[in-house]
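# Coordinate analysis (summary)
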Amino acid sequence: MRALDIKLFRDVIRLWAQALAIALVIAGGVATLILAVGSYRSLDETRAAYYERHRFADVFAEVRRAPRTLVDQIAEIPGVAAVDVRIAKLALLDIPNYLEPATGQIISLPDIGEPSLNRLYMRMGRVPEPGRTEEVVVNEGFAKAHGFAPGSRFSAILNGRKRELVIVGIALSPEFIYAVGPGDIMPDDRRFGLIWMSEKALASAYDLDGAFSSVGVKLLRGTSEREIIARLDDLLSSYGGRAAYGRKDQTSHAWLDHELDMLNNMSRTLPPIFLLVSAFLVNLTLGRLVALEREQIGLMKALGYRNSSIVLHYLKFVILIATIGIVIGTAVGTWLGMYITNLFGDFFHFPFLVFTKSPDLYVIAAALSLLAAAVGAVRALRDVVRLPPAVAMQPPTPPRYRRLLPANFALDQFISQPTTMMLRNITRHPIRAIFTSLGMALATAILVVSLFTRDTMEQLVDVTYFLADRQDATVSFVEKRPQEVVMQIARLPGVLAAEPHREVPVRIRNGNVERRIMISSRPRNADLNRIIDVDLRPVVLPEAGLAMSSMLAHVLGVKVGDAVEVDLLEGSRRTVSLPVTALVEDYFGIRGMMDAEALARLMRESPAVNSVNVSLDENALERFYDTVKGMPVVSGLALQRVSLTNFRAVVALMVTTMAGIYTALATVIAFGVVYNSARISLSERARELASLRVLGFTRGEVLRILLLELSLLTLIAQPPGWVMGYGLAWIMQTNLAGELMRVRLVIEQSTYVFASVIVITAAVLSALIIRRRINRLDLVTVLKTRD
């Protein structure tokens, strides 16, 4: 073994604690990258495999009633690979021992064979037998929520008639990975179920023999989705077609895409921050290590070692530390990635999981970590090359002190002698002090950016559930109803107030950019379901024109005063031009909003509603539920308190779990930064502190001098850390914003305090370790010098 390699080995043993702290910082960066990218790739691969094996459709459309003779015409459209038609209807469910009304999406299954598209994955049991009209298959989430198994029974109102159904199978479907009921924004397995039954039985119940109400189409590779949708709309328009749409507008796929995009964006935001901190820490540590070993470097040069050999020696030191960090980060990141993949897989009810351990991901993580460490070492290695042997072997030039305050100003009248010594040391090395504080500020910043999601989600809950959507429940109808139905709902038992709500599906377009959205309307004096602006004030919709989500305006590239083209996909099915009269900051989806009377004029219809928002008397809920269960015109009942509970559960599962993992990794990094700063300060000032001990200073006084500096720099670092944390949180919030959900940048004071408490706690733990080292300081060894 060469002499420099022996020195390297001894240096690593001597500096093992500092080396481990740096390795843990690098491990944090590696782990976040593998965790985020690995879980994203695994879930994306799982989704792709699930879609392919069970033939998930590419284009979807609903109609009132279309003859099966259209199937051949649809199949003849150029680019169509497969067609599947079926009957799909919403129905109220009456579940034994369950008070609240539930909603079922009833879907037909072929009496012979299996569907050509959107095939089921059977978890248990079998499909309904031909001729057995009461047999059904239900989705796994719904079955688990109610403890159902093959043989369980419940009732459904099919076309106004109540029928008892028997479960014979439990299944999953690629079409309903994220299953949301009418009026809800979050999945609720207890109150929304998927029910598959015999096509013959469902056709008989809804008088749809020889007809269908839903169609799915699979496209050949390279086919234009827009052209297929246009051709499909032409064929279905005369049968009450409601405009075809692609996967990006299919609810389940769109939400799943949004969740995966969040993971992907996290992988592009947090790991670079962690790796940047590790590069900074390597720079700080190695630069000060080189300064401490200047005499050894000079001696090596005097003995004939070339600059390249010495540089390679210190570069090996950095690479060894980085390698340890890569190994730890790879193991932790892989384990966390598998944990997150299983967590999301269980939530989305994937029938299987494909955990992808891509070699390129591990290579990229290792390469980025080595690059970050090498970049961090550049300045220190440059100092090694520039250091002449004769200068290096001499002790550093003693600092030149100068008076900063007036001669008649006695500082010792206000502060103690140890404090004066601490302040002089900081002013003597301002650059070092700045970089030490900067390292601690970065530690605070990464904690703030890891914790801020909790605050933004709480603000989202407050605005959505307590300021905007203040209704207790939303009653949805199978078809649009005359506005007089609002009075009928208002007279139901327990209803305190009722407000109409109307939605119309449209395609909105500006130039080549097009989106399929809903235009919703509400009364001008609406109090239950309100629109809230960015300043948390209610918005009064203009009497004419279209208000829209700010995100939709951003996607379309329009502003107030611009005009957009709107294809009405209901009623007269015409294209109109509407002026944009207002932009609204909202958090879920992209939508247009109009005054109720203005929308009725646009649709050329008398006032109508799709749903009614109600406020309820809690003492009369049971009577209200029983009445709703007996109303055949009702397709679903969304309960706000249940939605809030589900939202909090999803946030706790997804966001809080991810934030908790990143916070834990950030805490490790924070400790690494603070400990290294304290440990290097001790190494640099060991001879000075030993001299003070010889001069009669007690161990406590010596420790106080060192820790006062650490404490002051830690406290000074907090405000810049908060500012940097806010900036990093803004970057992350911007990257996470999507068309389905976005959040405001809200960071509570408690988050800043908590981040600072973690860094200060790391400083205290570091101080305890430093205290042990000072107590064990060998004065004779430390005071030896080569002067």
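Let us look at the structure shown here.

Conventions adopted
- Residues numbered from 1 in each chain as written.
- Predicted model: local features only at pLDDT ≥ 70, side-chain atom pairs only at ≥ 80, totals over all residues.
- Heavy atoms only, no water.
- Salt bridge = Lys/Arg side-chain N within 4 Å of Asp/Glu carboxyl O.
- Helix = DSSP H or I, 4+ residues; strand = E, 2+ residues; numbered from the N terminus.
- Buried < 20%, exposed > 50% of the residue type's maximum accessible area, 1.4 Å probe, protein only.
- Pairing = 2+ DSSP bridges.
- Contact = heavy atoms within 4.5 Å.
- Axes fitted to C-alpha atoms, helices over the stretch in contact; angles between N-to-C directions.
- Phe/Tyr/Trp six-rings, centres within 6.5 Å; stacked < 30°, edge-to-face > 60°.
- Lys NZ or Arg CZ within 6 Å of the ring centre and 35° of its normal.

### A closer look at the pattern of salt bridges
Applying the stated criterion across every chain yields a total of 30 salt bridges. With its nearest N and O atoms 2.8 Å apart, the salt bridge here joins Lys 162 to Asp 94. With Lys 162 in strand β8 (residues 161–172) and Asp 94 in strand β3 (residues 88–94), the pair connects residues that are 68 residues apart, well separated along the chain. Its relative accessible area of 24% is what places Asp 94 among the partly exposed residues. Via salt bridges that share partners, Arg 126, Glu 129, Arg 132, Glu 134 and Glu 135 belong to a single interconnected network.

### Focus on unusual backbone geometry
If you check the backbone angles, Asn 118 has positive phi at about 55° while not being a glycine. Note on placement: Asn 118 falls in the loop between β4 (102–109) and β5 (121–125). The phi dihedral of Arg 604 falls on the positive side, at around 55°, and the residue is not glycine. For Arg 604, the position within the fold is in the loop between α16 (596–603) and β19 (608–616).

### Side note on the sheet that holds strand β1 (residues 59–67)
Spatial ordering of the open sheet is given by β2-β10-β1-β11, a layout of 4 strands whose pairing is antiparallel. A strand with exactly one partner marks an edge of an open sheet, and here the two such strands are β2 (80–86) and β11 (245–246). Bridge count between β1 and strand β10 (residues 211–219): 6 bridges; the pairing is antiparallel. Within the sheet, the bridge partner assigned to Val 59 lies in β10 and is Val 217. Helix-sheet contacts for helix α6 (residues 225–236) involve β1, β2, β10 and β11, and the interaxial angle to β1 is about 10°.

### Re the packing of aromatic side chains
Inspection of the entire model under this criterion finds 18 aromatic pairs. Summarising the aromatic geometry, the rings of Phe 347 and Phe 348 are spaced 5.0 Å apart at their centres and angled 70° between planes, so their arrangement reads as edge-to-face. This pair shows no difference in class: Phe 347 is buried, exactly as Phe 348 is. Pairing Phe 348 with Phe 350 gives two aromatic rings, centres 6.1 Å apart and planes at 50°, and the pair type is tilted. Assessed through its relative accessible area of 1%, Phe 348 is described here as buried. Of the aromatic side chains, those joined through ring pairs into one cluster are Tyr 50, Tyr 178, Trp 255, Phe 344, Phe 347, Phe 348, Phe 350 and Phe 352. In this structure, Arg 53 is placed above the aromatic ring of Phe 352, and the distance from its NZ or CZ to the ring centre is 4.3 Å.

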